[in-house]
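# Reading the structure
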Amino acid sequence: TSASEEAEPGTHGALTRAGGVRGEAEGAPDSEQLAEIGLRFEVDGEIATITLDRPERRNAQTFATWSALAQIGTTLPEQVRVVVVRGEGPSFSAGIDVRLFTPEGVSGQGSFASAAALDGGTIDQRIREFQEGFLWLRRPDIVSIAAVHGHAIGAGFQLALACDLRVIADDTKFCMKEPALGLVPDLTGTKPLVDLVGLSRAVEICLSARVVEAGEALRLGLAERVVPGDELQAATKELATSLLATDRDAAAATKRLLQGASGRTLEEQAAAERAEQRARIKALFGGVRQA
Ligand code: ACO
């Protein structure tokens, strides 16, 4: 197999290409393709649910998982406002499929060894594509919720960190295992981790690769809420529903403002508030006849 062929994650080349225009079902991965990769995608009104569905491998993730997540993001139906990410079986996700560390890799997807044969620019491009599977979960027009239980290791921890909010079961075990395996966390998890727990704690958690259990996760700000395992689904639904109470466009504008706040001075943030509010006032009251 040539390097370029091996660079194609998954057996479905289509999964690496950009999907259809947002709001169109065109280009969306079909449920059979997703099932093969170990994913499910369901939409119920304004709430979409992505389920990691390979419980027999503890929802281990492959290169194809990340390409498919990216494609779900590109083709997300227009009406969706909340995206829930959850895992089937005993664990949220045991992280990257460890078969990718073997010379044989995962059928049709290559391995780290075959990736190492690629030039630096190509490796960079591939990681960028995988990161797209995580980055869209921060889009201002949606709120993403990770519903976590059991192990959330490596890529599993990062997938939870990629979401805006985390509701976790009391058996949750987070672990950033990458450094223990000689790698760095590169699926966009390092920034939200530092933002949530601070630099010192993030260094300690990552470089020890230790387990952070649910109670500590809550204390550190890694979770909004801890619930008994059998209440996770209901608690997630409740949170998702509560986020639909606000006006759609105001919610998106407010999320944009909040996301930009830490990178701006107070004056800059005040200016950003004015700009967003100008747009809201025009949109809401622009056509209203003056008294
Ligand atoms: N990749 C591939 N297969 C996996 C993975 C994985 N990451 N994790 C579990 N499995 C498989 C096991 O090999 C096992 O398969 P088998 O039934 O054919 O033997 C099956 O899933 C069940 O796993 P168990 O270990 O029996 O389940 P248990 O509930 O006892 O333990 C745990 C779960 C703690 C998650 C354990 O499986 C584990 O440590 N997995 C590896 C975690 C890991 O190192 N991930 C990589 C992180 S780094 C990164 O993500 C970049």
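Structure: see above.
A brief report on the enclosed structure follows. Everything numeric here is computed off the predicted structure, so don't read it as measured data. (Residues numbered from 1 in each chain as written. Predicted model: local features only at pLDDT ≥ 70, side-chain atom pairs only at ≥ 80, totals over all residues. Heavy atoms only, no water.)

Before going further, it helps to examine the overall build of the chain. When helices and strands are tallied, the chain shows twelve helices and nine strands. Computed over C-alpha atoms, the radius of gyration of the chain comes to 20 Å, within 12% of the 19 Å expected from 2.2 N^0.38 for 291 residues, which places it in the range of a compact globule. C-alpha extents for the chain along the principal axes are approximately 75 × 45 × 40 Å. Sequence separation of at least 24 residues holds for 72% of the intrachain contacts in the chain that already meet a minimum separation of 6. As presented, the chain carries roughly 14500 Å² of accessible surface, and 55% of it is formed by carbon and sulfur atoms. Put simply, the chain has 31 plus and 41 minus side-chain charges, and the middle of one group is 6 Å from the middle of the other. (Helix = DSSP H or I, 4+ residues; strand = E, 2+ residues; numbered from the N terminus. Rg over C-alpha atoms; globule rule 2.2 N^0.38 Å. Contact = heavy atoms within 4.5 Å. Areas by Shrake-Rupley, 256 points an atom, 1.4 Å probe, with all protein chains shown as cover. Lys, Arg positive; Asp, Glu negative; His and termini not counted. Charge placed at Lys NZ, Arg CZ, Asp CG, Glu CD.)

A separate point is the sheet that holds strand β3 (residues 82-87). Strand pairing in a sheet relies on backbone hydrogen bonds. The paired strands run either parallel or antiparallel. What the six strands build is an open sheet, ordered β1-β2-β3-β4-β6-β9; its pairing is mixed. Two strands close off the open sheet at either side, each with one partner strand: β1 (39-44) and β9 (225-227). The average undirected angle you get between the axes of adjacent strands in this sheet is 20 degrees. Across three bridges, the pairing between strand β6 (residues 165-169) and β9 is parallel. When the bridges of β9 are listed, Val 167 appears paired with Arg 225. Sheet strands in contact with helix α10 (residues 232-242) are β2 (47-52), β3, β4 (143-148), β6 and β9, and its direction is about 160 degrees off that of β6. (Pairing = 2+ DSSP bridges. Axes fitted to C-alpha atoms, helices over the stretch in contact; angles between N-to-C directions.)

In the structure shown here, the tally under the stated rule is 18 salt bridges. The salt bridge partner of Arg 40 is Glu 88, with a shortest N-O separation of 3.1 Å. Here Arg 40 is found in strand β1, whereas its partner Glu 88 is found in the loop between β3 and α4 (112-116), with 48 residues between them in sequence. On the accessibility criterion, Arg 40 (27% relative accessible area) is partly exposed. In this structure, the salt-bridge partner of Arg 280 is Asp 247, at a minimum N-O distance of 3.5 Å. Of this pair, Arg 280 sits in helix α12 (residues 266-285) while Asp 247 is found in the loop between α10 and α11 (248-261), placing the two residues 33 residues apart along the sequence. One salt-bridge network, held together by shared partners, links Arg 40, Glu 42, Asp 53, Arg 86 and Glu 88. (Salt bridge = Lys/Arg side-chain N within 4 Å of Asp/Glu carboxyl O. Buried < 20%, exposed > 50% of the residue type's maximum accessible area, 1.4 Å probe, protein only.)

Moving on to the pairing of β4. In terms of burial, β4 is a largely internal element, six of the six residues being buried. A two-sided burial pattern is seen for β4, the buried positions comprising Val 143, Ile 145 and Ala 147 on one face and Ser 144, Ala 146 and Val 148 on the other. Bridge count for β3 against β4 is five bridges, and the pairing is parallel. Following the sheet pairing, Arg 86 is matched in β4 by Ala 147. The pairing of β4 with β6 spans four bridges and is classified as parallel. The residue bridging Ala 147 from the neighbouring strand is Val 167, located in β6.

On to the site of the ligand. Close to the ligand lie 16 residues; Ala 94, Ile 96, Val 98, Ala 155 and Lys 177 are nearest. Separating an oxygen atom of the ligand from a side-chain N or O atom of Arg 58 is a distance of 3.1 Å. Considered on its own, the ligand offers 940 Å² of accessible surface; in the complex 62% of this is hidden by protein. (Near = heavy atom within 4 Å. Polar contact = N/O pair within 3.5 Å; in protein donor to acceptor, adjacent residues only side chain to side chain.)

Turning our eyes to something else, we now look at unusual backbone geometry. Phi angles above zero are rare outside glycine, and Asn 59 is one such case at about 55 degrees. We classify Asn 59 as buried; its relative accessible area is 2%. Although it is not a glycine, Ala 209 adopts a positive phi angle of roughly 55 degrees. Structurally, the position occupied by Ala 209 is in the loop between α8 (199-208) and β8 (211-213). Among the residues examined, Ala 209 registers a relative accessible area of 17% and is labelled buried.

Counted according to the given criterion, the structure contains seven aromatic pairs. Considering the side-chain rings of Trp 66 and Phe 130, the 5.2 Å spacing of their centres and the 65 degrees angle between planes classify their relative orientation as edge-to-face. Of this pair, Trp 66 sits in helix α3 (residues 63-74) while Phe 130 sits in helix α5 (residues 120-135); the two residues are 64 residues apart in sequence, bridging distant segments of the chain. For the pair Trp 66 and Phe 130, a shared accessibility class is recorded, and that class is buried. (Phe/Tyr/Trp six-rings, centres within 6.5 Å; stacked < 30°, edge-to-face > 60°.)

By themselves, these are just geometric observations and shouldn't be taken as functional.
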